[in-house]
Amino acid sequence: MSALTMDYAAQERGIRAIAERVLSSGEASLVIGFRKHPVTGRRSPAFVRDPANCASLVWDAECDFNLAVYLRDVAEKAAVVMKPCDVRLAVNLAVEGQIARKNLVVIGVACGGVVHEGRVPSACLDCGVRFPPDYDYLVEADGGDWPLGAAARAEASASPAVGVAIAGGDIGGAAARAAEDQRPADPSPVLTAEAAGRARPPSTSEFLSSPPADRRQRFQAELDKCILCFACRQACAGCYCPTCFMDRGAVDWKTAVPNRGDKETYHLTRMSHLAGRCVGCGACEKACPAGVDLSYLHRGLREFVGEAYGYEAGLDPAAKPAMNSFSADDPQTGFLGGK
Amino acid sequence: MRDEDKGAAARMEACCSGGVAEAPGAAGPGAAAPGGDGPAVVRGSAPRIVAFLCNWCSYAGADLAGTSRLQYPPHVRVIRVPCSGRINPQYIIKALAEGADGVLVSGCHPGDCHYLTGNLYARRRFAVLKRLLELAGYESDRVQFTWVSASEGGRFAEVIREVSAKVEALGRARAAEARGVAVEATAAPAPASVAGAGL
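Predicted, not measured: the structure shown is a model, and the values here were computed from it.

1. Examining the interface of chain B and chain A
Between chain B and chain A, the contact holds 43 residues from the first and 44 residues from the second. The contact between chain B and chain A buries some 3,900 Å² in all, and 62% of this surface belongs to carbon and sulfur atoms. A salt bridge links R124 of chain B to D330 of chain A; its shortest N-O distance comes to 2.9 Å. Our enumeration of links across chain B and chain A arrives at 10 residue pairs in polar contact (both at pLDDT 80 or more). Looking at the side of chain B that touches chain A, the elements that each hand over two or more residues are helix 3 (89-97), helix 4 (118-135), strand 5 (143-147), helix 5 (153-170) and helix 6 (173-178) of chain B. Looking at the side of chain B that touches chain A, the element that brings in the most residues is helix 4 of chain B, giving 15 residues. A class-by-class count of the residues in the side of chain B that touches chain A yields 22 nonpolar, 7 polar and 14 charged.

2. A short note on unusual backbone geometry
Residue and element names in this part refer to chain B. A positive phi is found at R69, a non-glycine position, where the angle reads about 60°. Tracing the backbone through its elements, the reader meets R69 in the loop between helix 2 (58-67) and strand 3 (76-81). Phi is positive for L116, close to 75°, though the residue is something other than glycine. Looking at the element boundaries, L116 is found in the loop between strand 4 (102-107) and helix 4. What makes L116 exposed here is its relative accessible area of 63%.

3. A word on the confidence of the model for chain B
Residue and element names in this part refer to chain B. Overall, the prediction assigns chain B a mean pLDDT of 76, with 64% of residues at 70 or greater. Across chain B, the element-wise mean pLDDT spans from 40 in helix 7 (residues 194-198) up to 97 in helix 2. Note that residues 1-40 has pLDDT below 50 and, in this model, 66 contacts with residues that lie over four places away or in other chains. Ignoring residues within four places in sequence, the model shows residues 185-199, a span with pLDDT below 50, making 19 contacts including any to other chains. Scoring of the predicted complex yields 0.78 for pTM and 0.81 for ipTM.

So, how was this worked out
Residues numbered from 1 in each chain as written. Chains lettered and ligands numbered in written order. Predicted model: local features only at pLDDT ≥ 70, side-chain atom pairs only at ≥ 80, totals over all residues. Heavy atoms only, no water. Contact = heavy atoms within 4.5 Å. Buried area = accessible area lost by both parts, 1.4 Å probe. Salt bridge = Lys/Arg side-chain N within 4 Å of Asp/Glu carboxyl O. Polar contact = N/O pair within 3.5 Å; in protein donor to acceptor, adjacent residues only side chain to side chain. Helix = DSSP H or I, 4+ residues; strand = E, 2+ residues; numbered from the N terminus. Nonpolar A, V, L, I, M, F, W, Y, C, P; charged D, E, K, R; others polar. Buried < 20%, exposed > 50% of the residue type's maximum accessible area, 1.4 Å probe, protein only. pLDDT = per-residue confidence, 0-100.

Dropping the structure here:
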């Protein structure tokens, strides 16, 4: 795990300083961040109201939980510590009218990927976004707290990233700087497969060129692990239906003894709901107690929505959701008689 | 249309008896609970295709095919919906997970929607769903989307012929596997080309 660190101590100092400033200035009445759980020692969500308690906030690669899931439930103006993927979900919630951006103070943190239970999630291997697309405060990798508003984002995007890269386990050192990410424009993940000790998953086009039976097998292998506990749904900031279809009794979407068909119905439906909304934060994968990893399907849909409709979720606060809009000349590839 | 439906259903029963899978939950010998992992079997090779047709165009197109006495394979079970935009992708997923061998969705041609834009939203939804199902290992031909207008009875029959042939070519094993049931060698000769008899 030490191979996957950056200058977290400096970032932590930055987060604490910003949290203290935000609370004492009254800009927000609540800061949501991470603390070290007193019993398990794991990083767990922290809700801080007193500026004196900001020192309890921690930050490191294990702060993997997606705090965007709380946004819809917070009634007051809250400042939330967010990685780029969390920020994208917040932007997405605002785009979908679920939260008011003005009630949220984003403490954006430059991210080089997270470690969940000693393992880098597949989602992080796919991700090339090192900086949050929107923020009120930016915690650079060197811990500097820049009180930059959205207006100064362009300037921030031109600024060099400092030590955010993780390559070969170097902590913000020369090797990391050499491999520095140049903002989301460069999609190549800095968190290399070698650094993570895991093979990078095949590209979607490669995957789609494999026989359907192989794809089926892959999907079925994941389904077989699933115990239908719905942890993925609970952890997902995009799954916010007040009552999930799987919890409704009027239609038997699932049977009393869950079987393959139920699991398939659940996962595929959830995915179809998340098309054009999933940002690939990996919360579902991390939350799963059974090790189900369907991030390749989410990624495939993200890529498809990007190719077909030119939409990437959570990057543009003024965007119209892809699945809530249409164009007269949308592609009909694969339709009978379509072009 | 309803009379015609009944006729079609009767023909289908006559043609396919013994050649079609037990309906999910049917109390046939060895049948398990609906969609259960029990020892239910899928018999025969006649595909079961669920077709979602919009009320205003495609269903009327099917009606025209019927009143024009056009013949097409009897493998399609039609579900009428108000608009292709009303079709929740979940319906399609559920149909497949429950063992449908194929799903056909047809609505008004883009621009002709009775509700102006329903099929345009649906088009994106279906395109995404098709990609998702491909990623999940469904053969591309199992799920078909198309547009059939109320005046295209001939096209409707043609679409059904095409979809039936494609799904038939893929066979039934995938759908049976989805339900976790076994495929049994067909007991009675499968009415593979029922439609041909009438043509």
